[in-house]
Amino acid sequence: MTDKNYYITTPIYYVNGDPHLGHVYSTTAADVCARFKRLAGYNVHFLTGTDEHGQKVAQSAEKAGVSPLAFCDEVSQKFRDVLEPFQISNDDFIRTTEERHKKTCQALWQKLEASGDIYLDKYAGWYAVRDEAYYGDDELTDGPDADTKIAPSGAECKWVEEESYFFHLSKYGDKLLDLYKNNPEFIGPKSSYKEISAFVESGLNDLSISRTTFDWGVPVPGNDKHVMYVWIDALTNYISALGHENGENNMMDQYWPANVHLVGKEITRFHAIYWPAFLMSANLPVPQKIYANGWWVVEGEKMSKSLGNVITPETLLERYGSDGSRYALLREMPFGNDGNFSHENAVGRINGDLANGLGNLAQRSLSMIAKNAEGKVPANNGLSDDDNILLDLAYALPSQTETHIDAMHIHKYLEAVWHVVGEANAYIDAQAPWKLKKEDPDRMKTVLYVLAEVIRCCAIMAQPIIPTGANKVLDQLVIAGDARTFANVNADSTLTSGTELPVPQGVFPRLELDTAEAA
Ligand code: ME8
């Protein structure tokens, strides 16, 4: 077993609504990183799950006329059901209503208390149930009536006054600023880094961390009139899943601190301010990176039930399948930026890069091998400079793309692999093996060999992005299961000439926009 460990998490999703494209996006992005690191030889722990406590979920359950737990069971299952069809390779799925999680929350609370960072007082201020967040006066604008204010996120805030435990957050301002300064990669992308640094520089108030007006939460140890504020509860999931002080298998030594908490940009504040402050108070290491993905709007509009433009996981699967959805979501916008999802763009990407790009490269090359090289991996009769240039590009991919993944520039990883696909398609046109068939059959075989080799490398590298299609391509090249890791993307692990190949089959069908629109 290698000692290289990698722990990546998604946000745990609220169960007040059903899963949609936005959730699939964050989870897929994390999945690509997890799969990448596994193929790069790491022990990977990839966590996702559901966030089930708090006022928002309690209200949704009440509306639905069922008990909070029954409500959570049902919706949490829907989030779980989305994983397999999108080929999500999570190692664990945590629910905040599980015992293991409650135990860790209470243990963490006691540590904060022991550090002298928790005190009892009265909270009086604005609260947005939709965001489950407290806002300062200076952040709010007037609402439709005197009782309502509007948060920067657009959520309605109401005045709340109740007894509450507080966390001494104000004590951690300088420590957090030091953390950001000494670790410029701690928060990404840059825009989030700047936003969070500016917020902390402007001064932090202590944070209300318990509620008394409802009971759907983890009881505060020693005072069960209070339940924990849903964010202290939710953030703790990242260590309860590692068995931190809850009697389960303790994986903290192996996987903590996390390499990346992948989050949406609207929840960076909770992850980059509250979470490290709690951890510092508990004398635990802070995560290595908080990376915020941008927001999708759909055909120019924010997704919302009232507009009826919510793209469901089912729609994505019906139209694009798992590979197509994964590719379109991750290739369309630079990771970290906001973007506009349109079916036209998705179809364009899938056709351009999967059907015409990798699909066509594999189909053209394998068909020529079937027709002109007896359906066997051709012999390499000596490499030209052009051959070596292309092969070297392919062999450079593992180290080149790992840098992108470590920086969470997921789109650059996709671009790098598809750059080689593009170069290989250009190489076929330049080498014109169909002409060589008569003029120089030995050279034709070498060209086909080089193509098969480059396809092998590109398909190995593409597995984290499009696991189904990439593995079908590797099947057609008869690559053994254990020879599909990044350690095999080099000249030492090339194809064996003479290996008999199956009859080639198209892997990435072309989509018609009309069919997609009509679905
Ligand atoms: O915030 N575009 O849960 P949540 C991109 N429970 N990403 C999107 C998106 C969109 N339009 N919509 C949702 C919570 N997301 C808390 C998290 S973590 C300890 C607790 C993704 O159900 C994005 O990752 O509101 C966002 O942060 C997350 O879903 C919000 O999910």
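The rules behind each value
Residues numbered from 1 in each chain as written. Predicted model: local features only at pLDDT ≥ 70, side-chain atom pairs only at ≥ 80, totals over all residues. Heavy atoms only, no water. Pairing = 2+ DSSP bridges. Helix = DSSP H or I, 4+ residues; strand = E, 2+ residues; numbered from the N terminus. Contact = heavy atoms within 4.5 Å. Axes fitted to C-alpha atoms, helices over the stretch in contact; angles between N-to-C directions. 1 Å grid on protein atoms, 1.4 Å probe; cavity = no way out; pocket = protein on both sides within 12 Å on 5 of 7 lines; lining within 4 Å. Points joined across faces, edges and corners; volume = space filled by probe spheres on them. Nonpolar A, V, L, I, M, F, W, Y, C, P; charged D, E, K, R; others polar. Buried < 20%, exposed > 50% of the residue type's maximum accessible area, 1.4 Å probe, protein only. Right-handed = clockwise from strand over helix to strand, strands pointing away.

Colleague: Let's hear about the sheet that holds strand S13 (residues 223-228): which residues, and what values?
Modeller: Taken together, the three strands give an open sheet; going across it, the order is S11-S13-S12, and neighbouring strands pair in antiparallel fashion. Lying at the two open borders of the sheet, with one neighbouring strand each, are strand S11 (210-211) and strand S12 (219-220). As defined by bridge partners, S11 adjoins S13 across two bridges and the pair is classed as antiparallel. Bridge pairing in S13 links Arg211 to Val227. Docked against the sheet, helix H4 (residues 99-114) engages S11, S12 and S13, running at close to 100° with respect to S13.

Colleague: So, empty space enclosed by the protein: which residues are in play, and what are the values?
Modeller: Tallied over the entire structure, the rule returns two cavities of 30 Å³ or more. Considering the residues around the largest cavity, the lining is formed by Tyr13, Pro19, His23, Val24, Thr27, Thr48, Phe79, Val82, Leu83, Phe86, Ile88 and Phe93. Looking at the lining of the largest cavity residue by residue, the class counts come to nine nonpolar, three polar and no charged. Its volume calculated, the second largest cavity comes out at about 30 Å³. Looking at the second largest cavity, the residues that line it are Gly54, Tyr127, Glu132, Arg211, Phe214, Met228, Tyr229 and Val230. Of the residues belonging to the lining of the second largest cavity, the class tally is five nonpolar, one polar and two charged.

Colleague: Quick rundown of the pairing of strand S2 (residues 43-51)? Include the residues and the values.
Modeller: A large share of S2 lies buried, amounting to nine of its nine residues. Crossover handedness for the path strand S1 (residues 5-14) to helix H1 (residues 21-39) to S2: right-handed. Direction of pairing for S2 relative to strand S3 (residues 92-95): parallel, over a ladder of four bridges. In the strand pairing of S3, Thr50 is matched with Arg95.

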